[in-house]
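# Results of the structural survey
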Amino acid sequence: MSDTTIAASDVPVPPLEGGVEEEREYVGLLYSRLDELRAEKEEQLSRVRGSGAVGTMQNVSERDAFATMYEDRLAQLNAVDDRLVFGRLDLDSGECRYIGRIGLTDQHQQRLMLDWRAPEAGVFYQATAFERQGVRRRRHLLLKRRDVQGVEDEVLDADLLDEDTENHGDGALLAALKARRTGQMGDIVATIQAEQDRIIRADLPGVMVVQGGPGTGKTAVALHRAAYLLYSHRERLKSAGVLIVGPNSTFMSYIDRVLPSLGETGVVMSSLSELYPGVRGIEEQDPNVDEIKGRLDWTQIIADAVAHRQRTIAEPRDVVIDGIRVSVTPAIINRGRERARATGKPYNEARSTFVKVVVKDIAEKLEKIVEKRSEGNEADRSYLVEDVRQSRQVRTLLNMCWMPRTPQNLLEDLFSRPQYLADVAPQLTRQERDLLAREKGTPFTISDVALLDEAAELLGDLDETAGREEARQKAAREKDLENAQKAVENATPQLAEMGIEGFLDAESVAAMNDESGPSLSASERAQVDRTWTYGHVVVDEAQELSPMQWHVLMRRCPLKSFTVVGDIAQGSSPSAAHSWASAMEPFVGERMRVEELTVNYRTPRNIVDLAEGIARANGLEITSLRTVRDGDYEPIVEQVDAEQLLSAARDAVGAEQKRIGEGLVAAIVPEPLVGQVRDQLAELHGDRVGRGAGSLSQDVVVLSAEEAKGLEFDAVVLVEPADLLEEAHGKIGSLYVALTRPTHALHVVASKPLPAGF
């Protein structure tokens, strides 16, 4: 999992009273070792690649095993360069431990630095003055890239305190909280707090729900937990992988650098709109439609829609094969249907059996007619089966009774053909079915994604030869895995001598030998394979998921190993959960545990007080959070005339930029005003203004309330809160979310009467 270690007491470290200069010397040693390892892996990878694919299959597998290992290790070493080390523990035993993003040893396998996820590193986050756990002093190293800028000490052993020693306490935490935002979520590995660490290091099995209000760091905790689980359970999770699901593409872009910075590069990340390969769902315009499509009723509706396409005939039908007329009876069709259904296979795969049975029965009738006409000639007539199969009229009849289907055209037919939907969805009212009606070719929405996935599960592969080809591929795959496993076993001792473990598995090596296309890692294969099942799934903003979305995610992880994070109070979608019990019970029963985060680290107290007051005034039940800091800037609430709203929003952004000095400012506005507000700001700020996903690196970004979920900004200009409330059909969750995004300043601009609580 990390480089092989020995006792840290063998490693020279700065003296207990050492300061910044002494720490710089040691940190320099760590970076020198990091650079050495990079150069070593680059040279080894170059040598392996240069050797070419020669020798036996075993030799090729071993070569690819090493190439995979070197590539993974290089990716990890490159990702942890910024602030490689962040902590130091001085223990009662006299031992000194440095804590960093990965584990490092020197050339003689002496430990230089502990991986933050290692069991011995846990006390860095858990020790207190009341329960020291053998820790005399905890030091935070404050780095800017590779340079030590300062140190913050927490002295836990009273014997170390004297009149010249300061206990700086939460200095490092407050410095991190006050740091300006960059548009990319940062890790909290250096400042994880005890209640967060307990959740991060919790056992793997089962479903853990993390309930946390705004600013409690629940997203960061979820990502650090994913990194911790991959470290602690690498053998189980490396080949199956970990899936992280977020609410939208803006959010996924915001968090995508966190895991690499923690030493993990192989996780699959997906928004809800991208869970079905090849489809990227758009927002559903009507929240009523969103709610209808989110119901679990669709498991039965889609099953009935699939079965509806398996038809019979009421009376015999004649087909002409090479000029000979053959009568196809209802009994022939029914026998084919029964035999196909008895296979238990998905619709498209079972169709192969249906076709085979019906074609055979028709061919037998055709053979009798031919024999009668040839007056008993017993010539071989096995060719008649292929003649029947190729007959245009037979193919038309087969398709009429059992038409091949794709998930996309099944769903399009449901929504574009009112009678079809009425036949298979008696659970829906006439009014609900009318709301679902749309023309063929209409883009699929986010709420369609779960329905497509369900249809794909029931329909199966469209290729009629898929069963035979799948069997061939399975046999070849098993052989490749056998070779790969031998290669891994041969390579493991050499890797251990290098001090590297856990970066190699047979699945990855076998993928390198796949001649059908470029080599793919487990995570890359998982992204394009709808049927892939993961070892663990992390779901963020989980309060927003519909029952159908949960149904799909549960299929992605049959072991039901989940980390679910969210805040019931922030729910704003039509399908938002009212409680974690009601959301999870249909899928896991009572087999879940709920952990709660109680401290708001992000939002200043004065903004929290305003947001919580507004939430309660509008009937939202919330739990008050402890906040760690007061705000430097009081919230501003500004009312203007309607014709001045856009210019006032523009001016407010400029005012907040001046007020906070520097940092990222977000204008959170009702969806219909997003374009207009952006145009106003562009007049003043030009290309420094961004819009939506991918624009968080700009100085100013314009977002809807939905897009702002899970993000944080130095300052927020909130435009027309009454419209945000109306946009969510009176649900206060979206407004509550928007109010709690800033880390420093909040500025509200409104032309309409303000919601209760302001």
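These numbers come from a predicted model, not from an experiment.

## Side note on the sheet that holds strand β2 (residues 96-100)
Spatially, six strands are ordered β3-β4-β2-β1-β5-β6 in an open sheet, and the strand pairing comes out mixed. Only two strands of the sheet have a single partner each, and these edge strands are β3 (104-105) and β6 (147-155). When strand β5 (residues 135-144) meets β6, the two strands line up antiparallel, connected through eight bridges. Paired with R137 across the strands is V155, a residue of β6. Relative to β6, helix α1 (residues 20-50) is tilted by about 120°, and along the sheet it contacts β1 (85-91), β2, β3, β4 (111-115), β5 and β6.

## With respect to the pairing of β2
When you tally the buried positions in β2, you get five out of five residues, the bulk of the element. When β1 meets β2, the two strands line up antiparallel, connected through five bridges. Within the sheet, the bridge partner assigned to G87 lies in β2 and is I99. The loop that links β1 with its antiparallel partner β2 comprises four residues; one of these, G94, has a positive phi angle of about 90°. Two elements, β2 and β4, share two bridges in a ladder whose sense is parallel. Bridging from a neighbouring strand, G100 pairs with D115 of β4.

## Here's the deal with the UniProt feature "binding site: ATP" (unreviewed entry) in the protein
Per the UniProt entry, the sites bearing "binding site: ATP" (unreviewed entry) are G212, G213, P214, G215, T216, G217, K218 and T219 in this numbering. The buried category is assigned to P214, whose relative accessible area is 1%. For P214, the residues in contact, after removing those within four places along its chain, are D567, Q570, N600, R602, L625, Y736, T740 and R741. In this structure, G215 sits in the loop between β7 (207-212) and α6 (218-232). In this structure, G215 is in contact with V599, N600, Y601 and R602, ignoring residues within four places of it in sequence.

## As for the packing of aromatic side chains
Across all of its chains, the model carries six aromatic pairs by this definition. Judged by centre distance (4.2 Å) and plane angle (20°), the rings of Y26 and Y98 are stacked. In this pair, Y26 is assigned in helix α1 and Y98 in strand β2, connecting sequence segments 72 residues apart. With respect to burial, Y26 and Y98 carry one shared label: buried. Residues W298 and F415 carry aromatic rings whose centres are separated by 6.0 Å and whose planes lie at 75° to one another, so their mutual orientation is edge-to-face. Highlighted residues: W298 in helix α11 (residues 297-308) and F415 in helix α16 (residues 407-416), separated in sequence by 117 residues. Put simply, the rings of F86, F124 and Y125 pair up and form one aromatic cluster. Note that R309 overlies the ring of Y420, its terminal NZ or CZ placed 5.4 Å from the centroid.

Reading the values: rules and limits
Residues numbered from 1 in each chain as written. Predicted model: local features only at pLDDT ≥ 70, side-chain atom pairs only at ≥ 80, totals over all residues. Heavy atoms only, no water. Pairing = 2+ DSSP bridges. Helix = DSSP H or I, 4+ residues; strand = E, 2+ residues; numbered from the N terminus. Contact = heavy atoms within 4.5 Å. Axes fitted to C-alpha atoms, helices over the stretch in contact; angles between N-to-C directions. Buried < 20%, exposed > 50% of the residue type's maximum accessible area, 1.4 Å probe, protein only. UniProt positions renumbered as here; feature names shortened; annotations may be inferred. Phe/Tyr/Trp six-rings, centres within 6.5 Å; stacked < 30°, edge-to-face > 60°. Lys NZ or Arg CZ within 6 Å of the ring centre and 35° of its normal.

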